[in-house]
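A look at the structure
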Amino acid sequence: MIISGITINKGPFSQAFAASGIKIAAVGNWGCTSNSQATVNNINSKNPELVLGLGDYSYESTPDCWFNEIKAFDSKMKITIGNHDVLTKKLLNSYLNHFSLSNQYYSFDFQNVHVLTMATELEWEAGSKQYKFVKNDLEQVSKDPNIKWIIVTMHKPIYTSPNGCSASSCEGSKTLRDTYHPLFDNYGVDLVLEAHMHSYQRSYPIKYNVDNPSKPIITSLDKNNYNNPSGEIFAIVATGGINFHSLAGKAPFTATQQDSKFGILEMQFSNSKLDAKFISNAGSTMDHFTITKTMKKPTSLTPTSTPTITKPAGTPKVVDKKSEDSQKLKNTTKLNENQPANDKSTKKAKNTSNTNETKSIDSKDKIKTEKTKTQTKNQNPVLLSGTNLLQPPEENIKSSATDTEMSNPSKSNEIGINNNVPNSQTLDPFAPLSPFP
């Protein structure tokens, strides 16, 4: 099925849902534990039309235990690949084949919501295949009047609060930030969903700060409600059930965070409003925010730090007729500078039809035509030609398994985590080893 030049899968994603009641659930870092089973029950109780997995699923050499967990909503799921999902090529292919994916990054439309899934386990630098895919995808969808919301999903986060995870990837990726946050600003992304750093964190609306990238520009300090906000809300939802990484402080751009309760982010979309809640597996709402939009975000191809000056609507353009005629005369003179000046002026005054005058007139017409073409081009930028956005070219897999990453946790250790102590930090099942993501 193809909508607005973007290829999406058949199945539940081709069904039509009322625009006033689209419900989407999202969460990452699951595991096969009693906690992840509670997450599954939480999702089932909300009955969403779409479930977004944010990476790191079984934490085992095969995905079978996790596939068994999600059977109830398997057909409603789309996944993001995490670092624990690429430990072997066989494991990665099991996930891709199960969800009929030919590549780790892809995109699709779900009613009035566009979802762009990125791959933080593949090359993402500017100029890479993934970068070109992402830029092309966002450029196209930003012009689509049928799309009201743009969501980006990725596993590793761009921004995060200080935390007790010892892996450098838990600090937030500078290259991801500097490469993609400006694109998100330019093309009107609304929400960025991430995982990897085992906690729940949600930012204020923020824009890329070209002058100080580590300190994004906060565009609203309201804790919960945002009207036509500039920038994007970034949410880390790595609370599927594996364990927690302790938070060691709160970043200035973070509106709320917690590292003690597993749960999901539930989102409901209409044409003009996003209503989102973080709901713990015990049933409590721990975060609630809304985004109201009365207009689609404008796109901008200029750097974030450069203000865009927009003239008030209806302001007439003042034209100095004398100056305009004088400039035309100068251009004509320049084009015919090899002719005698008095000859040109005489011919123009008498409006004769000799060959030289015809050339002069044709030159002026050409100038006007070229000027019109330039104005038309500037007013109507040409979209990139259609691309199959579901099946970009294959790439070599960049495995994130390193000597510093933890090995796959055992099922028995995960189930044995004590999560009943109020406000306690749940330790990594590999304690006293390092709590890697």
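As a starting point, this report considers the structure included with it.

So, the overall build of the protein chain
Each helix and strand counted, the protein chain has nine helices and 18 strands in total. A total of 437 residues make up the protein chain; the buried ones form 50% of that total. A separation of at least 24 residues holds for 75% of the contacts in the protein chain among residues at least 6 apart in sequence.

Observations concerning the pattern of salt bridges
Under the definition given, this model contains five salt bridges. Glu266 serves as the salt-bridge partner of Lys23, at 3.9 Å between the closest nitrogen and oxygen. Within this pair, whereas Lys23 is found in strand β3 (residues 22-27), its partner Glu266 is found in strand β16 (residues 263-269), the two being separated by 243 residues in sequence. Lys23 sits in the buried class, given a relative accessible area of 18%. The buried category is assigned to Glu266, whose relative accessible area is 7%. A salt bridge links Lys156 to Glu121; the shortest N-O distance between them is 3.7 Å.

Focus on the packing of helix α4 (residues 129-142) against helix α5 (residues 174-186)
At their nearest, the axes of α4 and α5 sit 10 Å apart, and the two run at 10 degrees to each other. Between α4 and α5, the angle falls in the class roughly parallel. Counting all contacts with α4, which are made through Gln130, Tyr131, Val134, Lys135 and Leu138, the residues of α5 involved are Thr179, Tyr180, Leu183 and Phe184. Its residues placed into classes, the contact of α4 with α5 shows six nonpolar, two polar and one charged.

Notes on the nonpolar core
Among the nonpolar cores identified, the biggest contains 57 residues, and Trp30, Trp66, Leu193 and Met267 are the most heavily contacted of them. Per-element tally for this core: the top contributor is β3, with five residues. Membership of the second largest hydrophobic core comes to 29 residues, among which are Leu138, Val152, Ile158 and Tyr208.

Quick look at the sheet that holds strand β18 (residues 285-292)
Within the open sheet, the seven strands sit side by side as β5-β4-β3-β16-β17-β18-β13. Their pairing is mixed. Two strands lie at the open edges of the sheet, namely β5 (77-79) and β13 (225-227), each paired on one side alone. Going across the sheet, the axis of each strand differs from the next one's by a mean of 15 degrees, ignoring polarity. As paired elements, β3 and strand β4 (residues 50-53) share four bridges and run parallel to each other. Looking across to β4, one finds that Ala26 is bridged to Leu52. Helix α1 (residues 34-46) contacts β3, β4, β16 and β17 (273-280) of the sheet and is inclined by roughly 20 degrees relative to β16.

So, α5
Helical geometry: 3.6 residues make up each α-helical turn, so side chains three or four residues apart lie on a common side. Taking 1.5 Å per residue as the helical rise, α5 with its 13 residues ought to reach 18 Å, and the 18 Å between its terminal C-alpha atoms agrees with that figure. At Tyr180, α5 shows its largest kink, close to 30 degrees, and the proline Pro182 lies no more than four residues downstream. Burial analysis of α5 places ten of its 13 residues in the buried class, which makes it a mostly covered element. Residues of α5 that are buried: Leu176, Arg177, Thr179, Tyr180, His181, Pro182, Leu183, Phe184, Asp185 and Asn186. Immediately downstream of α5, the backbone of Gly188 shows phi near 75 degrees, a positive value.

Observations regarding the packing of aromatic side chains
Inspection of every chain in the model, using the stated rule, returns 17 aromatic pairs. Ring centres 6.0 Å apart and planes at 45 degrees place the aromatic pair Trp66 and Phe67 in the tilted group. Look at Trp66 and you get buried, because its relative accessible area is 0%. Overall, Phe67 belongs to the buried group, its relative accessible area being 12%. With a centroid separation of 5.1 Å and an interplanar angle of 50 degrees, the aromatic rings of Tyr105 and Phe133 are classed as tilted. Of this pair, Tyr105 sits in the loop between α3 (89-98) and β6 (106-110) while Phe133 sits in helix α4, and the two are 28 residues apart along the sequence. There is no split in this pair, since Tyr105 and Phe133 are both buried. Through a chain of ring-to-ring contacts, the aromatic side chains of Trp30, Tyr57, Trp66, Phe67, Tyr95 and Phe99 assemble into a single cluster.

Each value, and the rule that gives it
Residues numbered from 1 in each chain as written. Predicted model: local features only at pLDDT ≥ 70, side-chain atom pairs only at ≥ 80, totals over all residues. Heavy atoms only, no water. Helix = DSSP H or I, 4+ residues; strand = E, 2+ residues; numbered from the N terminus. Buried < 20%, exposed > 50% of the residue type's maximum accessible area, 1.4 Å probe, protein only. Contact = heavy atoms within 4.5 Å. Salt bridge = Lys/Arg side-chain N within 4 Å of Asp/Glu carboxyl O. Axes fitted to C-alpha atoms, helices over the stretch in contact; angles between N-to-C directions. Parallel < 35°, antiparallel > 145°, perpendicular 65-115°, else oblique. Nonpolar A, V, L, I, M, F, W, Y, C, P; charged D, E, K, R; others polar. Core = buried A, V, L, I, M, F, W, Y, C linked by side-chain atoms within 4.5 Å. Pairing = 2+ DSSP bridges. Expected span 1.5 Å × (residues − 1). Bend = angle between axes of the 7 residues up to and from the residue. Phe/Tyr/Trp six-rings, centres within 6.5 Å; stacked < 30°, edge-to-face > 60°.

Take it as geometry only, folks, not as evidence of what the structure does.
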